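Observations on the model geometry
Chain by chain, the residues:
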Amino acid sequence: MKLVRWLRGLELETRPVHPQARVALQRRWAELPMPVRTPAQALGQHAVGCEGTHGVFPRCNLACMPCYHSRDANRVAVNGSHTQAEVTAQMALLRRRRGPAAHAQLIGGEVSLLPPDDHAATLRIMREHGRKPMSMTHGDFDYPYLEALAVDASGRPRLDRLSFAGHFDMLMFGRRGIPRPADELSLNPHRRQFTDMFARLRREHGVRSFLAHNMTVTPTNLDQIAQVITDCHGYGFGLFSFQPAAFVGDDRRWHEGYRDTTSDQVWAEIERGAGTRLPFRALQVGDERCNRTTYGFYVGEDYHPILDDESPADLAVRDAFFHHLGGVDFSGTRLPVLAAKLARVVARHPSVVGHFAGWVARRVRSIGLRPLLTRRIRPVTFVMHSFMDAADVAPAWAAMQRGAHSTDPRIAETQDRLRACSYAMAHPETGELVPACVQHAVLDPLENVALRRLLPLTPLARVVTGPSM
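Keep in mind that this is a model prediction, so the values were computed, not measured.

Attention now goes to the nonpolar core. Proteins that are soluble and globular tend to have nonpolar side chains buried together. Core analysis: the largest hydrophobic core is formed by 54 residues, its most contacted members being L146, L162, F164, I270 and F382. With five residues, helix 5 (residues 143-150) is the largest single contributor of residues to this core. In terms of nonpolar packing, the next biggest core, distinct from the first, is built from 18 residues, F387, M388, L418 and V434 among them.

Considering the arrangement of structural elements, one finds G238 in the loop between helix 7 (225-232) and strand 8 (239-244). The exposure class assigned to G238 is buried, which follows from its relative accessible area of 10%. Taking the C-alpha atoms as reference points, G238 and L283, separated by 45 residues in sequence, lie 18 Å from one another. When neighbours within four sequence positions are excluded, G238 is seen to be in contact with F210, L211, P379, V380 and T381.

Right, let's talk about the sheet that holds strand 7 (residues 208-217) for a bit. The strand order across the open sheet built from eleven strands is 10-9-11-8-7-5-4-3-1-12-13, with neighbouring strands paired in mixed fashion. Because the sheet does not close on itself, it has two edges, and the strands there are strand 10 (302-305) and strand 13 (432-435). Averaged over all pairs of adjacent strands, the angle between strand axes in this sheet comes to 30°, irrespective of strand direction. As paired strands, strand 5 (residues 161-167) and strand 7 are joined by seven bridges and run parallel to one another. The residue bridging G166 from the neighbouring strand is H213, located in strand 7. Of the strands in this sheet, strand 7, strand 8, strand 9 (291-299) and strand 11 (377-385) touch helix 7, which is tilted by about 160° from strand 7.

One face of the sheet, then the other: side chains in a regular strand alternate in exactly this way. Among the seven residues in strand 4 (residues 131-137), seven count as buried, and that is most of the element. Of the two faces of strand 4, both are covered, the one formed by R131, P133, S135 and T137 as well as the one formed by K132, M134 and M136. Taken together, the five bridges between strand 3 (residues 102-106) and strand 4 define a ladder with parallel strand orientation. Of the residues in strand 4, the one forming a bridge with H103 is K132. Note that the unit made of strand 3, helix 4 (residues 116-128) and strand 4 has a crossover that is right-handed. Bridging between strand 4 and strand 5 involves three bridges; their strand directions are parallel. Within the sheet, the bridge partner assigned to T137 lies in strand 5 and is G166. In this fold, the crossover linking strand 4 to strand 5 by way of helix 5 has right-handed handedness.

So, how was this worked out
- Residues numbered from 1 in each chain as written.
- Predicted model: local features only at pLDDT ≥ 70, side-chain atom pairs only at ≥ 80, totals over all residues.
- Heavy atoms only, no water.
- Core = buried A, V, L, I, M, F, W, Y, C linked by side-chain atoms within 4.5 Å.
- Buried < 20%, exposed > 50% of the residue type's maximum accessible area, 1.4 Å probe, protein only.
- Helix = DSSP H or I, 4+ residues; strand = E, 2+ residues; numbered from the N terminus.
- Contact = heavy atoms within 4.5 Å.
- Pairing = 2+ DSSP bridges.
- Axes fitted to C-alpha atoms, helices over the stretch in contact; angles between N-to-C directions.
- Right-handed = clockwise from strand over helix to strand, strands pointing away.

The following block contains the structure:
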């Protein structure tokens, strides 16, 4: 009987797509509005989308213009026990609703304000629920914090891999050593210091990492995007994410005409930095008005997208991938298990080999064999996330809660984008999964008012009365 149970367990573990993951993908596809159910759509075909935490540590120790936090966020104390309890409940709901694996951001205010032990414990909770956590930070902390997070008191790594997203832009004030950056260029030493810490962690303790670079974009720094990419693409970031500023959060920190900048302008600057066209329609994540993504890799200083949305052969590879490999969890599976999953796919669908062999041949021809053999190859993804204004999200969400579709074209568009949202946050108290724009625009202000009472910065002294005489 033990052998039978072991074989059944092995079969399930090496099954290309876990049954619960397949159900979650089918549910996600059914939830999408018809216009975004395209052959390029990753949601429902490959992933359920990203996830994030909320109400766990809203406080931050930098000031940003703009800031997506509500007015009360910095009046809430950071409490590790609260963070762990809330994350446990949120991840449990996400596990039930969205299947056994997904990328999830440990996000709130500034994650490095969590004591290292609490930070590590929270990451373990997320992993226990099948999530692949990424800690969101401004990056203004020192190596001893990072080491204490990754290594226990006896010197043994307690986490074999870390994922961090560092947010760096000139609109952030209060960073040590450069409280008011004059431009993006002046932040490059701080970007480099951030990535160097993780390189040191791997040298000294063997802890691997994945690093993303986030940057808010306004008319002030739009024309500096390209230089950031040119200067920093070799620092060690595996992803560059740019977010055109939206009118969300603390309105005291809105000082520019953010909507003077269009998505096309931002993407053009990203392309200028990458030195090539970035085809974002080969793979779609949610609604194109919210997200643009190009996966690719550098060979030396030259960037090469994985798929060209103008190449029928590349689009055929994409379609074959979604059809045969769409639900396979590549990033969260041990290599021997992943190899077994792929072997099972190839055994049933040998045509997959031809599709991907053709893709490899085309890339070798376009790049050249010599550069591929002699230059460093580094995978890097470029992303743009366009958040929506609170003035649009609030009425759109209110109508959706009533089951109504707005007749106002602008609000109707907002509703469609919310239905296709790729970034969800869990509310265990109601069982809802809420789009991130709704969380920031509608729910955060109320949550943080309640958190001020629950976790005040200066706890009220407890009055103890003795027995009456």
